[in-house]
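# Structural features, examined
The chain contents come next:
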Amino acid sequence: MNSLKNKVALITGSARGLGKAIAERYAALGADIVINYSRDKASAEEVVNNITAMGARVIAVQADVSKVADIKRLFEEAKKAFGKIDIVVANAGIEMVETPVTEFTEEQFDRLFSINSKGAYFTMQQAALTVENNGRIIYIASSTTAFPIPGMAIYGGSKTVPRYLVDVLSKEIGHRGVTVNTIIPFAVDHSGIFADPNSYPELRKSLIDSCPMHRLAEVEDVANIAEFFASDLSSFVNGQHLLVNGGATQ
């Protein structure tokens, strides 16, 4: 088993879904954890309780990643609590689907880009300034950045911008032994827009039909790759964008 003992991991948007799964996986591997949430304090406290039960140290910090001041405060509180940061996962994001290009509003555009693009950018910027030598920076993208899907123009576009940052940042700080990589998950069951098993039935069927494995991803599928990118196994894997999609064609 990989070990993250004596490592400190900060995961944005980790009160639920993928972020929660990654945080709990890292805790199980021995890392100290910084949970981040925007509004759902109750869910964040539940994750804290789960991780405490594993015997790991953990704090939860409220911060809205669309605000740079909040991001800076998040990192400051993490360092104050644990003295350092080794792993940063830029996971926080919001989804919007089944909306044609002609129907997106300026307000919707600004909201998605403020969280998915601006939030991820400044999270990774702070990570680059803060993370220890030989640390890990991981961006959670979306398969819509690889396979354009009708109705997801602004969502996919907002998740694409930070992918380019990964390309550049991996070259700018690689000399410190820090790796910067992207995980590109397929649609994740029991998470996000598919948290309700009855939600978006036509989109769900279309996605499953496109996948040779005839299912959506599960949070554990993504946590497996997050474990790899955080561990010593990936010490020479840098600037990569890994699809976790079961071979799906959209």
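Summary of the structure given here.

Definitions and limits used
Residues numbered from 1 in each chain as written. Predicted model: local features only at pLDDT ≥ 70, side-chain atom pairs only at ≥ 80, totals over all residues. Heavy atoms only, no water. Pairing = 2+ DSSP bridges. Helix = DSSP H or I, 4+ residues; strand = E, 2+ residues; numbered from the N terminus. Right-handed = clockwise from strand over helix to strand, strands pointing away. Core = buried A, V, L, I, M, F, W, Y, C linked by side-chain atoms within 4.5 Å. Buried < 20%, exposed > 50% of the residue type's maximum accessible area, 1.4 Å probe, protein only. Contact = heavy atoms within 4.5 Å. Phe/Tyr/Trp six-rings, centres within 6.5 Å; stacked < 30°, edge-to-face > 60°. Salt bridge = Lys/Arg side-chain N within 4 Å of Asp/Glu carboxyl O.

Here we take up the pairing of strand β3 (residues 58-62). Sheet topology note: the strand β2 (residues 32-37)/β3 ladder contains 5 bridges and is parallel. Pairing of Ile35 across the sheet is with Ala60, part of β3. With respect to chirality, the unit in which β2 leads through helix α2 (residues 41-53) into the neighbouring parallel β3 is right-handed.

If you look at the biggest cluster of nonpolar residues, it comprises 48 residues, and the most contacted ones within it are Tyr26, Ile33, Ile35, Ile51 and Ile183. Looking at this core, the elements with two or more residues in it are β1 (8-11), α1 (17-28), β2, α2, β4 (87-90), β5 (136-140), α6 (201-210) and α7 (219-230). With 7 residues, α7 is the largest single contributor of residues to this core. With near-sequence residues (within four places) excluded, Ile35 lies in contact with Ile11, Ser14, Ala15, Ala23, Ala44, Val47, Val48, Ile51, Val58, Ile59, Ala60 and Val61. One finds Val61, Ala78, Ile115 and Ile154 within the second-largest nonpolar core, a separate group that totals 36 residues.

Bringing the environment of Asn6 into the picture now. Within the element layout of this structure, Asn6 appears in the segment before β1. What makes Asn6 exposed here is its relative accessible area of 57%. For Asn6 and Ala56, which are 50 residues apart along the polypeptide, the C-alpha to C-alpha distance reads 10 Å. When sequence neighbours within four positions are dropped, the list of residues in contact with Asn6 reads Gly30, Lys84 and Asp86.

With that settled, consider the packing of aromatic side chains. One pass over the full model with this rule turns up 4 aromatic pairs. Ring geometry for Tyr121 versus Phe122: centroids 5.0 Å apart, planes at 70°, classification edge-to-face. Taking 6.4 Å as the distance between ring centres and 80° as the angle between the ring planes, the aromatic pair formed by Phe194 and Tyr200 counts as edge-to-face. Classification of Tyr200 as partly exposed rests on a relative accessible area of 30%.

Now for the pattern of salt bridges. Scanning the entire structure with this criterion turns up 10 salt bridges. The closest approach of N and O atoms between Arg16 and Asp40, which form a salt bridge, is 2.9 Å. With a gap of 24 residues between them, Arg16 in the loop between β1 and α1 and Asp40 in the loop between β2 and α2 connect regions that are remote in the sequence. Given the relative accessible area of 53%, Arg16 is considered exposed. Judged by its relative accessible area of 24%, Asp40 is partly exposed. Among the salt bridges present, the one from Asp189 reaches Arg204, with a minimum N-O distance of 2.9 Å. Of this pair, Asp189 sits in the loop between β6 (179-185) and α6 while Arg204 sits in helix α6; the two residues are 15 residues apart in sequence, bridging distant segments of the chain. Both residues of the pair, Asp189 and Arg204, count as buried.

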